[in-house]
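Report on the structure
In case you want the letters, here they are:
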Amino acid sequence: MPFQRKHLELLKKRIEEEPRRFMQVLYGPRQVGKTTLVQQFLEQTDLVYHFASADAVPAANNSWIAQQWETARIKYHQQGERSIVLVIDEIQKIDNWSEQAKKEWDKDSHSGNKLYVIILGSSRLLLQRGLTESLAGRYESTYMGHWSFIEMETAFGVSPEEYVWFGGYPGAAFLIKDESRWKQYVRDALIEPSVSRDILMMTRIDKPALMKQLFELGCSFSGQILSFNKILGQLHDAGNTTTLSHYLNLLDSAGLLAGIPKFSPNLVRQRASSPKFQVHNTSLMSVQETRSRQTVRNDPAEWGRWVESAAGAHLLNYSFTEDFELYYWRHRNDEIDFILKKGEKLMGIEVKSSVGRSTSGMQAFTDTFNPEKILLISDDSLPWQEFLRLNPASLF
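A brief look at the structure comes next. (Residues numbered from 1 in each chain as written. Predicted model: local features only at pLDDT ≥ 70, side-chain atom pairs only at ≥ 80, totals over all residues. Heavy atoms only, no water.)

Helices and strands together make up the secondary structure of the chain, namely 17 helices and eleven strands. Summarising its shape, the C-alpha atoms of the chain cover approximately 70 × 45 × 45 Å along the three principal directions. Out of the 396 residues belonging to the chain, those deemed buried represent 52%. Considering only contacts within the chain whose residues lie at least 6 apart along the sequence, 71% involve residues at least 24 apart. Carbon and sulfur atoms form 47% of the exposed surface of the chain, whose accessible area is close to 17,900 Å². Once the 46 positive and 48 negative side-chain charges of the chain are each reduced to a mean point, those two points are 3 Å apart. (Helix = DSSP H or I, 4+ residues; strand = E, 2+ residues; numbered from the N terminus. Buried < 20%, exposed > 50% of the residue type's maximum accessible area, 1.4 Å probe, protein only. Contact = heavy atoms within 4.5 Å. Areas by Shrake-Rupley, 256 points an atom, 1.4 Å probe, with all protein chains shown as cover. Lys, Arg positive; Asp, Glu negative; His and termini not counted. Charge placed at Lys NZ, Arg CZ, Asp CG, Glu CD.)

Let's shift gears to the nonpolar core. If you look at the biggest cluster of nonpolar residues, it comprises 86 residues, and the most contacted ones within it are Ile118, Phe215, Ile231, Leu251, Leu256, Ile349 and Phe387. When neighbours within four sequence positions are excluded, Ile118 is seen to be in contact with Leu11, Ile15, Gln24, Leu26, Val38, Phe41, Val85, Leu86, Val87 and Ile88. Counting 23 residues, the second largest nonpolar core, distinct from the first, contains Met23, Val25, Ile65 and Ile119. (Core = buried A, V, L, I, M, F, W, Y, C linked by side-chain atoms within 4.5 Å.)

With 15 residues, helix α3 (residues 64-78) should cover 21 Å at 1.5 Å per step; its first-to-last C-alpha distance of 21 Å lies within 8% of that length. Downstream of α3 by a residue or two, Gly80 has a phi angle that is positive, lying close to 80°. (Expected span 1.5 Å × (residues − 1).)

Read across the open sheet, the five strands follow the order β2-β3-β4-β1-β5; overall the sheet is parallel. A single partner strand is all that each edge strand has here, and the edge strands are β2 (48-53) and β5 (139-143). Taking each pair of neighbouring strands and ignoring which way they run, the sheet shows an average axis angle of 15°. Direction of pairing for strand β1 (residues 23-27) relative to strand β4 (residues 115-121): parallel, over a ladder of four bridges. Looking at the pairing, Gln24 lines up with Ile118 of β4. (Pairing = 2+ DSSP bridges. Axes fitted to C-alpha atoms, helices over the stretch in contact; angles between N-to-C directions.)

A separate point is unusual backbone geometry. Residues other than glycine seldom take positive phi values, yet Asn96 does so here, at roughly 55°. The topology assignment puts Asn96 in the loop between β3 (84-89) and α4 (97-111). With a phi angle near 60°, Asp323 is a residue other than glycine that sits in the positive phi range. Relative to the helices and strands, Asp323 is located in the loop between α15 (300-322) and β8 (325-331).

On to the pairing of β1. Burial analysis of β1 places five of its five residues in the buried class, which makes it a mostly covered element. On β1, burial covers both faces: Met23, Val25 and Tyr27 on one face and Gln24 and Leu26 on the other are all buried.

What follows deals with the layout of surface pockets. If you roll a probe as big as a water molecule over the atoms, it shows you where there is empty space left. Considering only enclosed or pocket space, the second largest pocket measures out at about 360 Å³ in volume. Val32, Gly33, Lys34, Thr35 and Thr36 are, among the 19 residues lining the second largest pocket, the residues nearest its centre. The element contributing the most residues to the lining of the second largest pocket is helix α2 (residues 34-44), with five residues. Grouping the constituent residues of the lining of the second largest pocket by class yields seven nonpolar, seven polar and five charged. (1 Å grid on protein atoms, 1.4 Å probe; cavity = no way out; pocket = protein on both sides within 12 Å on 5 of 7 lines; lining within 4 Å. Points joined across faces, edges and corners; volume = space filled by probe spheres on them. Nonpolar A, V, L, I, M, F, W, Y, C, P; charged D, E, K, R; others polar.)

Once that is clear, we can look at the sheet that holds strand β9 (residues 334-342). The strand order β8-β9-β10-β11 describes an open sheet built from four strands, whose pairing is mixed. Lying at the two open borders of the sheet, with one neighbouring strand each, are β8 and β11 (373-377). Across the sheet, the mean angle from the axis of one strand to that of its neighbour is 30°, orientation sign disregarded. Pairing of strand β10 (residues 345-351) with β11, which is carried by five bridges, proceeds in the parallel orientation.

A few words on the environment of Trp69. Within the secondary structure, Trp69 sits in helix α3. When its relative accessible area of 0% is taken as the criterion, Trp69 is described as buried. As for Trp69 and Glu104, which are separated by 35 residues in sequence, their C-alpha atoms are 7.0 Å apart. If near-sequence neighbours (up to four positions away) are discounted, Trp69 is found in contact with Met23, Leu86, Ile88, Ala101, Glu104, Trp105, Asp108, Leu115 and Val117.

As a packed pair, helix α1 (residues 7-17) and α2 sit with axes 10 Å apart at the nearest point and diverge in direction by 50°. As judged from the angle between their axes, α1 and α2 are oblique. In this structure, α1 crosses over α2, and the sense of that crossing is right-handed. Contacts between α1 and α2 pair His7, Leu8, Leu11, Lys12, Ile15 and Glu16 from the former with Leu37, Val38, Gln40, Phe41 and Gln44 from the latter. (Parallel < 35°, antiparallel > 145°, perpendicular 65-115°, else oblique. Left-handed = near helix turned anticlockwise from the far one by under 90°.)

Here the focus is the side chain of Ser309. Residue placement: Ser309 occurs in helix α15. Classification of Ser309 as buried rests on a relative accessible area of 0%. Not counting the four nearest positions on each side in its chain, Ser309 is found in contact with Ser222, Gly223, Gln278, Thr282 and Met285.

Shown next, in the form of structure tokens:
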């Protein structure tokens, strides 16, 4: 049986066992299996369904959503008004999609039609904008993030070291024995569509070349703290720190590259801090690396950066579903790699994957903030291989 992510059981429960109350919205980065998961659900359910994708539909085709809804209604009435499922993939590509979905959903609610609706999208920003503007109270959202190590190990037999280098893209897993082919796939099927198409749909981009340079530089410096002013000195295209901050937010919304903020009780200082660059998926680092995996693996300092980025990506992806905030902390010469904040609780996590790296920041952070817990990821404490198997929220 093909591998099934945990989201499938949740979707089945909400559609098959509960009365029609909310549209189900599944969103997340490209190529994490949203469409595959829904197809698995449709193969297993006894309900009649209508599946439609807006991927190749012109954005200005304002009648398309209504047409799909009407097709589903015809099937609903043909089968004696038994429950039916309407699935619309990549709905955010249609202009004003949320207003149209609201109109059709309310029409069914008023008529008593038992039409369940599943909406899929790969743009977190566009979907959330439409959901909050028009569909408040009419939907439940489920975030499907990058695949965890446990998922990649179970589905494809990926080792911890392979996961650190190749990341969590299931569609590319069968190519990892041929690294050059794997890199080409990640560039063509993941990076290029996400950067050149999805983000351009979110908002007007005046300097697309600058955004692409920021993405490439940010991936190369994943795990490192850099001010936007320092970044500007390394970019060829002119820009300013406000533009870079905006582009970084868009890259984060696409599930590519985040800027983790510095932890501070002072919100103004926190917002003004230099970001710590963090890829959502370590494949985005590796695909731009000219050295081979073995060369990097044999360099303890460099391999340590990949391991830290894998730990950061692990935390970042869980932060979307486990309701905790992710920061780093630095004061003078003291630093903690990651700070987790859940409610009033704080937890520090230090990744020490290379010999000789100081852990003095752990004591300094403890003395300053009295956190709930301080965790050291190291060979003689909690190995990083085991950390990647944990749900970070369980550590609180």
